[in-house]
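A structural walkthrough
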Amino acid sequence: MAKQKTAQVEPLEKRQELNLEAILNQPLIEPDFYHQGLAVRLKEVDKYLKKVVRGQEVLNVREIPKILDLLPLPTNLRLFASYKICRDEYRNLMYRCFCLNTGPAMVLMRQAYAVWDKLLSLPKFEPSATLILNVLSGGLITPELKKIICRHKQKFVDCGLDGIIKTTAQHLLNDGVYMDRKGQVKRFEPQQRDILAQIPGFFEIRDLRTLEEIAEDTPE
C-alpha cells in the first residue's frame with residue numbers, strides 16, 4: 001500500500017514541478033484583470049510605507065496584517081505567477097519592509113526576507129540587481145541579509161551580480177557611512193561593518209590557479 005501511495009505522489013509532484021518550471025520560463029506578460037488589481041494594491045501600500053520609512057507618517061499597527069496578506073510565501077502556482085507578473089511592485093514593497101527593522105513592524109521585515117529567500121530558491125527565478133543594491137546602499141546591513149547572500153551566493157554568481165555586490169560592500173566599508181531614508185548621514189555599527197567585511201569573501205575563488213596548472217599537478 002505504501003509503495004502504491006508513493007507511486008501516486010511522485011507523478012503529482014513531478015507535474016507540479018513541470019507546471020512551476022513552465023510558469024517561471026514564460027516571458028513577462030501584461031497583467032490580467034486580477035493582477036492589475038493586485039499591482040494597484042501593492043503600489044498603494046508601497047506609497048504608504050514610503051512615507052513611514054521617511055518619517056513622514058507613523059505606522060498604524062492595524063495595517064500590519066493587511067500588508068502581511070500581500071506578502072504570502074510563494075508556495076503554489078498562482079502565487080509564483082503573481083510574484084513574477086508583479087515583480088517590480090513586490091520588489092519595491094519588500095524593500096520598504098526591509099527598512100522596518102524596529103518595533104512591531106519587524107514582523108514585516110522578517111516576512112519580506114522569508115519571501116525573498118523562497119523566491120531565490122526557485123531554480124529559474126533570477127535575483128533583482130536593483131533590490132540587492134538598494135538594500136546594500138541603503139545601509140540595511142543585517143544578519144538576515146548575510147544569510148540571504150550566503151545561502152544564494154551561487155545564484156548571484158550565475159547572474160553576474162557577485163562583482164558589483166563585492167564592490168559595493170567594499171566601498172561602503174571604506175566610507176564607513178551611508179545616507180538613510182530620511183536623508184541623514186549615518187555611520188555603520190560594528191556588527192554592520194563586520195558583515196560588510198565578510199561579504200567579499202563569500203564570493204572568493206579558493207584556488208586561483210588555471211585549469212592547466214591544476215591538471216599538471218594531477219597524478220596520471
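This report concerns the structure included in the present document. (Residues numbered from 1 in each chain as written. Predicted model: local features only at pLDDT ≥ 70, side-chain atom pairs only at ≥ 80, totals over all residues. Heavy atoms only, no water.)

1. Regarding the overall build of the chain
How we decide: Secondary structure is summarised from DSSP: a helix means a run of H or I of at least four residues, a strand means a run of E of at least two, and numbering begins at the N terminus for each. Think of it in three bands: residues with accessible area under 20% of the maximum for their type are buried, residues over 50% are exposed, and the middle band is partly exposed, with areas taken using a 1.4 Å probe on protein chains only. A 1.4 Å probe and the Shrake-Rupley method give the accessible areas. Residues count as covered only by the protein chains that appear here.
Looking only at helices and strands, the chain has twelve helices and two strands in total. Going residue by residue from the N terminus, the α and β elements of the chain occur as α-α-α-α-α-α-α-α-α-α-β-β-α-α. Looking at the chain residue by residue over its 220 residues, the buried ones come to 37%. Approximately 13,600 Å² of the chain is accessible, and the part contributed by carbon and sulfur atoms is 53%.

2. Observations regarding the layout of surface pockets
The condition that has to hold: Lining residues are defined by having an atom within 4 Å of a point belonging to a cavity or pocket. Those points lie on a 1 Å grid over the protein atoms alone, cavities being sets where a 1.4 Å probe fits but cannot get out and pockets being open sets with protein on both sides within 12 Å along at least five of seven lines. Grid points are joined across faces, edges and corners, and a volume is the space filled by probe spheres set on the points. Residues are grouped as follows: nonpolar covers Ala, Val, Leu, Ile, Met, Phe, Trp, Tyr, Cys and Pro; charged covers Asp, Glu, Lys and Arg; every other residue, Gly included, is treated as polar.
What the largest pocket holds in volume is close to 550 Å³. If you go around the largest pocket, you meet 25 residues; those closest to its centre are Cys99, Leu100, Asn101, Thr102 and Arg181. Looking at the lining of the largest pocket residue by residue, the class counts come to twelve nonpolar, seven polar and six charged.

3. Overview of the packing of helix H6 (residues 106-120) against helix H8 (residues 143-151)
Quick note on the threshold: To obtain an axis, a line is fitted to C-alpha atoms, over the contacting stretch when the element is a helix, and the angle between two such axes runs from 0 to 180 degrees between their N-to-C directions. Note that the term roughly parallel is reserved for angles under 35 degrees, roughly antiparallel for angles over 145, roughly perpendicular for angles of 65 to 115, and oblique for everything else. By the convention used here, residues are in contact when the closest approach between their heavy atoms is within 4.5 Å.
Contact geometry of H6 with H8 gives a least axis separation of 11 Å together with a crossing angle of 5°. Relative to H8, H6 is oriented roughly parallel. Along the contact surface, H6 presents Met109, Tyr113, Trp116, Asp117 and Leu120, while H8 presents Glu144, Leu145, Ile148 and Arg151. Taken together, the residues of the contact of H6 with H8 break down into six nonpolar, no polar and three charged.

4. Overview of the nonpolar core
We count it as follows: Take the buried residues of types Ala, Val, Leu, Ile, Met, Phe, Trp, Tyr and Cys, join any two whose side-chain atoms come within 4.5 Å, and each joined set is a nonpolar core.
Counting residues in hydrophobic clusters, the biggest one holds 57 residues, and the most contacted among them are Trp116 and Ile199. Residues contacting Ile199, with those up to four places away along its chain left out, are Leu136, Ile149, Ile165 and Ala169.

5. Quick look at helix H10 (residues 162-175)
This is how it is decided: Multiplying 1.5 Å by the residue count of a helix minus one yields the expected span of that helix. Here the arc refers to the set of directions running from the helix axis out to each C-beta atom.
A rise of 1.5 Å per residue sets the reference length of H10, with its 14 residues, at 20 Å; its end C-alpha atoms lie 20 Å apart and thus fit the reference within 8%. Turning to H10, its buried residues number three or more, namely Ile165, Thr168, Ala169, Leu172 and Leu173. With its buried residues spanning 130° around the axis, H10 presents them on a single face. Opposite the buried face of H10, at more than 90 degrees from it, the exposed residues are Thr167 and Asn174. Its buried side turned inward, H10 meets helix H7 (129-137), H8, helix H9 (153-158), strand S1 (177-179) and helix H11 (190-202). One or two positions beyond H10, positive phi appears at Gly176, with a value near 80°.

6. A short note on the environment of Leu70
Following the sequence through the fold, Leu70 ends up in the loop between helix H3 (64-69) and helix H4 (77-85). C-alpha separation for the pair Leu70 and Tyr90, spaced 20 residues apart in sequence, amounts to 8.9 Å. The residues contacting Leu70, other than those within four sequence positions of it, are Leu38, Arg41, Leu42, Val45, Tyr83, Tyr90 and Leu93.

7. Regarding the packing of aromatic side chains
The geometry of an aromatic ring pair is captured by two quantities: the separation of the ring centres and the angle between the planes. What counts here: Geometry of aromatic contacts follows a simple scheme: Phe, Tyr and Trp rings, the Trp one being its six-membered ring, pair when their centres are within 6.5 Å, and the pair is stacked under 30 degrees between planes, edge-to-face over 60, tilted otherwise. For a Lys NZ or an Arg CZ to count as sitting over a ring, it must be within 6 Å of the ring centre and within 35 degrees of the ring normal.
Evaluated as defined, the whole model comprises five aromatic pairs. For the pair Tyr83 and Tyr90, a centre-to-centre distance of 4.1 Å together with 35° between the ring planes defines the contact as tilted. Neither Tyr83 nor Tyr90 differs from the other in exposure class; each is buried. Aromatic ring contacts, followed pair by pair, group Phe98, Tyr113 and Trp116 into a single cluster. When the ring centre of Phe125 is taken as origin, the NZ or CZ atom of Arg87, which lies over that ring, is 4.7 Å away.

8. A short note on empty space enclosed by the protein
Within this structure, the stated rule accounts for one cavity of 30 Å³ or more. Considering only enclosed or pocket space, the largest cavity measures out at about 110 Å³ in volume. Lining the largest cavity we find 13 residues, and of these Arg91, Leu119, Phe125, Ser128 and Leu131 sit closest to its centre. Of all the elements in the fold, those that place two or more residues in the lining of the largest cavity are helix H5 (87-99) and H6. Of all the elements, H5 adds the most residues to the lining of the largest cavity, at four residues. When the residues that make up the lining of the largest cavity are grouped by side-chain class, the tally is nine nonpolar, one polar and three charged.

Coordinates in, geometry out; function isn't part of it.
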